[in-house]
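If you want the building blocks of each chain, they are given just below.
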Amino acid sequence: MSSGTTLLKSLLQNPSSIKSRCQAKQLHAQILRRSNRASSSSLMATVLSIYSHVGLLRESLFIFNAFPSPPSLAWKSIIRCYTSNGLFLQSLISFNEMRAAGKCPDHNIFPSVLKSCTSLMDLKFGESVHGCVIRLGLESDLYTGNALMNMYCKLQNTYKIDRPESHTTDVQLLSDKIPERKPSGECKYNLISSNKSIGGTICKEFGSGGTVKREFGMGEDPGGNSCESLDEHHRQVAAGITCNASFDRVSNFTPQVSVGKENFFHSYGTTNDLAQRIQKREAFYMESVRKVFDRMPNRDLVSWNTLIAGNAQNGMYGEALRMVRKMGIADLKPDSFTLSSILPIFADYVDVYKGKEIHGYAIRHGFDSDVFIGSSLIDMYAKCNRVDDSRWIFSLLPQRDAISWNSIIAGCVQNGLFDEGLKLFRQMLMSKVKPRHVTFSSIMPACAHLTTLNLGKQLHGYIIRAGFDDNIFISSSLVDMYAKCGNIRIARWVFDKMASPDMVSWTAMIMGYALHGHARDALSMFRQMEEENVKPNYVAFVAALTACSHAGLVDEAWKLFHSMIHDYKITPGLEHYAAVADLLGRAGRLEEAYMFISGMHIEPTGSVWSTLLAACRVHKKIELAEKVAGKIFEIDPENMGSYILMSNIYSAAGRWSDAAKLRVAMKGKGMRKKPACSWIEVKNKVHAFVAGDKSHPYYDRIKEALKVLSELMEREGYVPNTDDVLHDVEEEQKKHILCSHSERLAIAFGIISTPSGTTIRVTKNLRVCVDCHAATKFISKIVGREIVVRDVSRFHHFKDGKCSCGDYW
């Protein structure tokens, strides 16, 4: 026997030694040269197996299609090749054809078939495969068990809530596409006939509500060691001080509060029944995962990690942590996947102390440079309001992928560091890292908060070019961004393009209309949402009540308030009470507002009473204001806004000594009034102004423009309203103070810096005063432009001498 033949025989006996595509093709060529007809079928099946192993799909199909009757090894190889190349539907079709041809699958086939079911999100077909696995006695196979667990973890949300029909995919139509043939060989089981899960009959009332976007409040370190400085904290973590060199302490973590999905649904006004049903559904499918796990005679790290991740991702935090402890008892150490699975638990609990323990363990075992661990740590520290730690971890990552970039961007935005988030986003693009769809959902709130409409438009263009514009979360973010940046028309255009708006989308659009003063449009959308069987939640009612408040629609507000309680069984929260109290106050029904707040089923906060105090200032009700202010000072003595409001009420009434006393009290408490500030975006640059600001490079031109505008306004009938100038000075000085208010400086700068006809968009951090509101109406008519002013309360669209608020704000 020649050396070449010996080598060929050795390779065929050990096909896994073929590592490259080139070697596989060379082996195939040698076989074609040396083999005879009698042995070519088995040899070709081996070659097909090698081609499948190295991912050569075209060559695999060429050999497979040459078989008059493919052997079991050929079927197994082609199914695996389809799966590894992402052709999941073809993989399952081949699996059905194999069984129709009478070939019985073995343990080497099922991991590929189950992976295809998972990728196609076809749980019913996967359950049928599970039944086949059990009937063939293959459930003890480690890799098949891991694939089953992975499938149940990922596909437990396949069924729709409140819909009796099951989730349908192309795979479920296979029985219609493939002729029904009786197996005529080794395998006698009909796969398609099995529709039961191993954990019991499929309960169709439980299904997926889709992906829920949750928002968690930020909190202080609930029990961790506080460090004097960031560097000291980093040294403690690296040294393992926070965890006493013991990972097992994680297993002792006992939640003291109820968090997760149940709390989420309650806080957003969804019925407890829905929350319970979702939890039951998740427990039902996690029970299937656990049954597979318990029946496995052998378990590896993948098995444990799959179970831990499944529990963690579905809110079963206590069970996930118990599994970590049991894994340690089984003599398996957590790896980077384990850590990245349980870190979100401590992020959701806002428990930075336990999170630091995991961080210390990761450092000591060399996992801290892992990009997945890094991303999880960034997210955990950000949610625990430790964004400096997040940035430090990000800076130490040797490699940064899209997930780690998105984690740090989202962390900055969620903690109010909007400029920093935008800066990091630009750095991400400069690093040639392609943003993911979730990146845009994270960065859009920064544009909305900073009212950077031009940047928002640029991001929108990028989203369209990247093909993300059909993503419901991105579309909802765009609606919110355009509404908050003052362009409600484009916000509605984006909304109308959405194929199936969700609750977040509807609420963003309704609130957008409310803030822009389009109350009738907001209420019309609310009714349309109900007609389309989208059940309004806690936040949707806040938006609708806000619309009524900004338009003085008292009767409509009462109907909504009672409907929320009686028809939708939503318990009113502080936001609902504040909206109704604000509405009654604006409408001049101050005593009614006082009785309404006094009768709340929960203790009113200082912010709720402050809405009435603001109304007392507008309607000059000093006695009631004093009574309300007294309650605020008692409930919330650090509420600076109430001190300023009451001081302004005294000043407007000429009670200068009382106003001075409050100012002295504020000074004694270390309170300082927030200066009025307005900003405008011109040529992609944001320009900020404070009242009386003379620091801007164009100040002289701004001053000259305001002087000309004042002369033209007076010719049109403008008379300065000095009632809001709360200083004990001469009338002429009051007029000068009015002229230097921050929004007027920003508007004047916008006029001299942009082409004629350009819409001017100004944002102010406080409420627009009465005189500036009247002056801006005159300016809009004189210069022939639309001027959009967003103050702390709402939007004002000034055009042709009129305002969208109808002088009701």
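Treat the numbers as computed from the prediction; the structure is a model and nothing was measured.

A word on the pattern of salt bridges. One pass over the structure, following the stated rule, counts 22 salt bridges. The shortest N-O distance in the salt bridge between Lys764 and Glu743 comes to 2.9 Å. One end of the pair, Lys764, is in strand β3 (residues 760-764); the other, Glu743, is in helix α38 (residues 742-753), and 21 residues separate them in sequence. For Lys764, a relative accessible area of 7% gives the class buried. Given a relative accessible area of 1%, Glu743 falls into the buried group. One connected set of salt bridges, linked through shared partners, spans Arg290, Asp294, Glu319 and Arg322.

Tracing the backbone shows Thr452 in the loop between α22 (437-450) and α23 (453-466). When sequence neighbours within four positions are dropped, the list of residues in contact with Thr452 reads Cys447, Cys485, Glu681 and Val686.

With that out of the way, let us pick up the sheet that holds strand β4 (residues 787-790). To summarise the sheet geometry, strands pair through backbone hydrogen bonds and adopt either a parallel or an antiparallel arrangement. What the 6 strands build is an open sheet, ordered β2-β1-β3-β4-β5-β6; its pairing is mixed. Two strands bound the open sheet, and with one partner strand each, they are β2 (685-690) and β6 (802-803). Looking at chain direction, strand β1 (residues 677-682) and β2 are connected through 6 bridges and run antiparallel. Across the sheet, the residue bridging to Val682 is Lys685, located in β2.

Let's shift gears to the environment of Glu420. Its place among the elements puts Glu420 in helix α21 (residues 418-430). Judged by relative accessible area, which is 24%, Glu420 ranks as partly exposed. The sequence separation of Glu420 and Ile408 amounts to 12 residues, and the corresponding C-alpha distance is 9.8 Å.

Turning our eyes to something else, we now look at helix α31 (residues 590-598). By the burial criterion, the buried members of α31 are Leu590, Ala593, Tyr594, Phe596 and Ile597. Take α31 and look down its axis: the buried residues cluster within an arc of 165°, on one side only. In this structure, α31 carries Glu591 and Met595 as exposed residues pointing more than 90 degrees from its buried face.

This brings us to the packing of aromatic side chains. As enumerated under the stated definition, the model contains 20 aromatic pairs in all. An angle of 50° between the planes, with centres 5.5 Å apart, marks the rings of Tyr577 and Phe596 as tilted. Within this pair, whereas Tyr577 is found in helix α30 (residues 574-586), its partner Phe596 is found in helix α31, the two being separated by 19 residues in sequence. With respect to burial, Tyr577 and Phe596 carry one shared label: buried. A network of ring pairs unites the aromatic residues Phe425, Phe440, Tyr462 and Phe468 as a single cluster. The aromatic ring of Tyr594 is capped on one face by Lys627, whose charged end is 4.8 Å from the ring centroid. Just above the ring of Tyr698 sits the side chain of Arg701; from NZ or CZ to the centre is 5.3 Å.

Definitions and limits used
Once a new chain begins, its residue numbering starts again from 1 and follows that chain's sequence as written. Thresholds applied to this predicted model are a pLDDT of at least 70 for local features of residues and 80 or more for the giving and counting of side-chain atom pairs; totals over whole chains, interfaces and linings are not thresholded and use all residues. Each side-chain value is worked out from all heavy atoms of the structure, with water and hydrogens disregarded. For this document, the term salt bridge refers to a Lys or Arg side-chain nitrogen within 4 Å of an Asp or Glu carboxyl oxygen. For the purposes of this entry, the term helix denotes a DSSP run of H or I that reaches at least four residues, the term strand denotes a run of E that reaches at least two, and both are numbered from the N terminus. Only protein chains enter the calculation, and the probe is 1.4 Å; a residue is then buried if its accessible area is under 20% of its type maximum, exposed if over 50%, and partly exposed in between. Contacts between residues were defined by any pair of non-hydrogen atoms, one from each residue, lying within 4.5 Å. A pair of strands is considered paired only if DSSP assigns at least 2 bridges between the two. When we speak of the arc, we mean the arc of directions from the helix axis to the C-beta atoms. Between rings of Phe, Tyr and Trp, where Trp is taken as its six-membered ring, a pair exists when centres lie within 6.5 Å; planes separated by under 30 degrees are stacked, by over 60 edge-to-face, and by other angles tilted. Criterion for a charge above a ring: Arg CZ or Lys NZ at most 6 Å from the ring centre, at most 35 degrees from the ring normal.

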